[in-house]
Amino acid sequence: MNPEFGKVMHSVLDGELSAEAQAALNEALRSDPAALDAYCSQVRIHALLAWRAGAATANATEKIVAFPVKPRLLRWAGWAAVALVMLGAVFFALAPSRATAAVNRVFAAMQRGDRSYTISVIEGDARMAMNNGRTLTYEGGVLHLRGDRQFVLVRPIIEGGRRITGSDGTVNWDIVGDGPVKVTSDLTRFRGGLPGEQQDSTFLDLAGNLSGLKSGYDLVLSDVLGEPSQVRLYAKRKSRDVRGPREMDITFRRETGVIVALELRGLPRARGGPEAVRLTLNGESTLPADYFTHMPHHESGRWIQDEAPAPRGP
């Protein structure tokens, strides 16, 4: 704890904290864990002393409550009041900071290891029409993730078969039933079917949308009832001008930041499909190195169709 912070603490205890000093205190508490520990320790000590002073006065006889004690008791009461006010100020100052730190922890965890999630539909129609007349469904789908650029999304086709869409971070690809493997180096292709992707979901474009989650959403961090090892981060879009799902509800492990459940609400429905989905963690095993390429997902000899955009003329 530096000397300047010590001076600010004395101002707190004396009830003489200016607006500038309060701003400096809030900044120190947000950025310096040692300062936060020192502040909380001081608040606990002074609150305890205030309580003990009040208890002693209540139990004392009239003779013992002498004149010199009263100003001191008032001083302790004043310190306690200041401490309560400052605790409230610190709570509101730290709440956004804690939520932002939680965002950082969650998305840092996404960079470590492979994750597999099952998809269930919460609201809206699970089905979505495809251009070939068949219908796929999100219900029972599986999403595999590695880092912020690699994914494999598997969705059942109601008439039979599966649609498998993926990216290894360099090539995007799409396989519908027993049809050809469509590939492209355009990393924006074949992503329309991903939950929330049409609205630039932060869950799938982590690097590009991390700042959007912090600035474009109101964040609320809370404990999970009955699950002390988990934390809930609720994010609600501030306005329609912000691109992304209307709401995101993320449950993650307190220690590691690994997402165990994610709900996305307010998804686009121009072509049908769900309005809200839930992704539930069902695997953390390391997948094969080439799993996010198309090769492991079809038999050898399947026709490869290059979907790269045609070059523009001069």
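Use the structure listed above.
Figured I'd write up the structure that's included with this text. Within each chain, residue numbers correspond to sequence positions counted from 1 in written order. This being a predicted model, a pLDDT of at least 70 is required before a residue's local features are given, and a value of 80 or more before pairs of side-chain atoms are given or counted; all residues contribute to the totals for chains, interfaces and linings. The side-chain values count all of the structure's non-hydrogen atoms but skip hydrogen atoms and water molecules.

## Some points on the overall build of the protein
To qualify as a helix, a DSSP run of H or I must reach at least 4 residues; to qualify as a strand, a run of E must reach at least 2; elements of each kind are numbered from the N terminus. Of regular secondary structure, the protein possesses five helices and 13 strands. Burial status across the protein gives 41% buried among its 314 residues. For the protein, the proportion of contacts with a sequence separation of at least 24, taken over those separated by at least 6, is 52%. Computed with a 1.4 Å probe, the accessible areas rest on the Shrake-Rupley method; for each residue, only the protein chains presented here act as cover. For the protein, the exposed surface amounts to about 17,100 Å²; the carbon and sulfur share of it is 55%. Any residue under 20% of the maximum accessible area for its type is buried, any over 50% is exposed, and the rest in between are partly exposed; the area is computed with a 1.4 Å probe on protein chains only. The contact criterion used throughout is that any non-hydrogen atoms of two residues lie within 4.5 Å.

## Regarding the pairing of strand β9 (residues 227-237)
Between any two strands, at least two bridges found by DSSP are needed for them to pair. For strand β8 (residues 217-224) and β9, the ladder comprises eight bridges, and the chain directions are antiparallel. Bridge pairing links Y217 to R237 in β9. Between β8 and β9, which pair antiparallel and follow one another directly, the connecting turn spans two residues, one of which, G226, has a positive phi of 80°. As paired elements, β9 and strand β10 (residues 247-253) share seven bridges and run antiparallel to each other. Across the sheet, the residue bridging to R232 is T251, located in β10.

## A short note on the pairing of strand β4 (residues 150-156)
In terms of burial, β4 is a largely internal element, five of the seven residues being buried. Bridge count between strand β3 (residues 142-146) and β4: five bridges; the pairing is antiparallel. Directly across from H144, in β4, lies its bridge partner V152. Adjacent in sequence and paired antiparallel, β3 and β4 are bridged by three residues, among which G147 carries a positive phi angle near 65°. Bridge analysis of β4 against strand β5 (residues 162-167) gives six bridges, and the strand direction is antiparallel. In the strand pairing of β5, P156 is matched with R162.

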